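Here is how the chains run, residue by residue.
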Amino acid sequence: MHATVEHPAEHVEPKRIFLIVWGFLLALTGVEVLLAYQSLEIKVMLVLLMTLSIVKASLIIAYFMHLRYERRSLALVLMPAMVFVIAMLFVVFPDSLRLLWMSTQ
Amino acid sequence: MASHEAVTLGLHETESMWAGGRSPFAVGSKKLGMWLFIVSDAITFSALLIAYSFVRVASPSWPRPFESASIANATVMTLILLTSSITVVMAVRQAKLGNRSAVAGWLAATMLGGILFDVLHLREWVGLIEEGVRLFKNPWGTPQFGAAFFTLTGLHMTHVTVGVVYLGVIAIGTKRGKYTAEDVEVSGLYWHFVDLVWMFIFPLVYLMSAKFA
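Computed from a predicted structure; not experimentally measured.

Across its full length, chain A holds four helices and zero strands. By residue count, 15% of the 105 residues in chain A fall in the buried class.

Okay, structure coming up:
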């Protein structure tokens, strides 16, 4: 009963690295929650929380989703295109400031 | 010549890289398909998160309804989701080692995490609804809060629920010998993605709307 009859010699990464990544993710979540209890300016808070979230997302993609161990071409096809599209979604974002300005006039 | 080139580049899977090869990314079609879906879904969630932020920035005030109890609840949900990711990693590992019943066990543990996450999140929803939050109405002003909150967290909750069903199908199928290690890995990719999205919803929706800050 082998699930891997097709690839009997497939490489299996050691458990330790995943547990370490998991520990990092839990620790970063703890830091985020601690930050929420500080009275920081909202812009500073946003930048700090988003930076930590991007670090967490990268760890999940690289290790849990295994992208680090795939052939580089897969990451190069998927990631830059995704980041570019998401960046383009911000094109209309400054309009929110105009709306805010109009509503407070 | 072409095959010689391929060998020196270490591209054993492709006959000729420039002819497109047989497998240019060296992954199966199911895995590639799931990756493409994940990229498109990531863009969907990004659009929703950006829309949420847009409405929030454009509003002179934004409700901060989450007390310490809600933040604690959301933190526990985050820990559950992160832990369910590590149980999926274990399931994928066991699948590669060929232990079918261990795969089913780890996937069942993951499903339990997903169900627990849904229950805790629904508790939060019910609390807000009881406080009078509706899609376009709430006691604190800025009526869009409800629509923004429920759409974003609702779509994520749908993903978790679909994931629980998906993992259940894979768990049963793997135990019966119907699915291979690749199928388990592909379902794991989806689950990690659901976890990843929550890593952005949690700070943006909950931590940035804590009442005490």
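Another point: the interface of chain A and chain B. Counting from both sides, the interface comprises 45 residues of chain A and, opposite them, 46 residues of chain B. If you list the elements that add at least two residues to the side of chain A that touches chain B, you get helix H1 (15-36), helix H2 (42-64), helix H3 (72-89) and helix H4 (95-103) of chain A.

Let's shift gears to unusual backbone geometry. The backbone phi angle of histidine 66 of chain A is positive, close to 70°, even though this residue is not glycine. Of note, histidine 66 of chain A is situated in the loop between H2 and H3. The backbone of threonine 142 of chain B sits at a positive phi, close to 50°, despite the residue not being glycine. When you line up the elements, threonine 142 of chain B lands in the loop between helix H4 (100-130) and helix H5 (144-175). Its 16 C-beta neighbours within 10 Å are what place threonine 142 of chain B among the partly exposed residues.

Moving on, we come to the nonpolar core. Among the nonpolar cores identified, the biggest contains 66 residues, and Ala91, Leu107, Val184, Leu189 and Val197 of chain B are the most heavily contacted of them. Within the residue set of this core, elements represented by two or more residues are H1 and H2 of chain A together with helix H2 (29-58), helix H3 (68-97), H4, H5 and helix H6 (181-206) of chain B. In contact with leucine 189 of chain B, not counting residues within four places along its chain, are Met65 of chain A together with Met34, Trp35 and Ile38 of chain B.

Interhelical geometry of H2 of chain A versus H6 of chain B gives an angle of 175° and a closest axis separation of 9 Å. Classified by the angle between their axes, H2 of chain A and H6 of chain B sit roughly antiparallel to one another. Counted together, Leu49, Ser53, Lys56, Ala57, Ile60, Ile61 and Phe64 of chain A of H2 of chain A and His192, Asp195, Leu196, Met199, Phe200 and Pro203 of chain B of H6 of chain B form the full contact between these two elements. Of the residues that constitute the contact of H2 of chain A with H6 of chain B, the class distribution is nine nonpolar, two polar and two charged.

Time to look at the confidence of the model for chain A. Looking at chain A as a whole, the pLDDT averages 90, with 90% of positions reaching at least 70. Scored below 50 in pLDDT, residues 1-9 of chain A makes 16 contacts in the model with residues more than four places away or belonging to other chains.

On to the packing of H3 of chain B against H6 of chain B, then. Residue and element names in this part refer to chain B. Packing of H3 against H6 brings their axes to within 9 Å, and their N-to-C directions diverge by 165°. Compared by their axis directions, H3 and H6 come out roughly antiparallel. In this structure, H3 meets H6 at a crossing whose hand is left-handed. Together, Ile71, Ala74, Thr78, Leu81, Leu82, Ser85, Val88, Ala91, Val92, Ala95 and Lys96 of H3 and Ala181, Val184, Glu185, Gly188, Trp191, His192, Asp195, Trp198, Phe202 and Tyr206 of H6 make up the contact between the two elements. For the contact of H3 with H6, the per-class residue count stands at 14 nonpolar, four polar and three charged.

Rules used throughout
- Residues numbered from 1 in each chain as written.
- Chains lettered and ligands numbered in written order.
- Predicted model: local features only at pLDDT ≥ 70, side-chain atom pairs only at ≥ 80, totals over all residues.
- Helix = DSSP H or I, 4+ residues; strand = E, 2+ residues; numbered from the N terminus.
- Buried ≥ 20, exposed ≤ 12 C-beta atoms within 10 Å, placed from the backbone.
- Contact = placed C-beta atoms within 7 Å.
- Core = buried A, V, L, I, M, F, W, Y, C linked by C-beta atoms within 7 Å.
- Axes fitted to C-alpha atoms, helices over the stretch in contact; angles between N-to-C directions.
- Parallel < 35°, antiparallel > 145°, perpendicular 65-115°, else oblique.
- Nonpolar A, V, L, I, M, F, W, Y, C, P; charged D, E, K, R; others polar.
- pLDDT = per-residue confidence, 0-100.
- Left-handed = near helix turned anticlockwise from the far one by under 90°.

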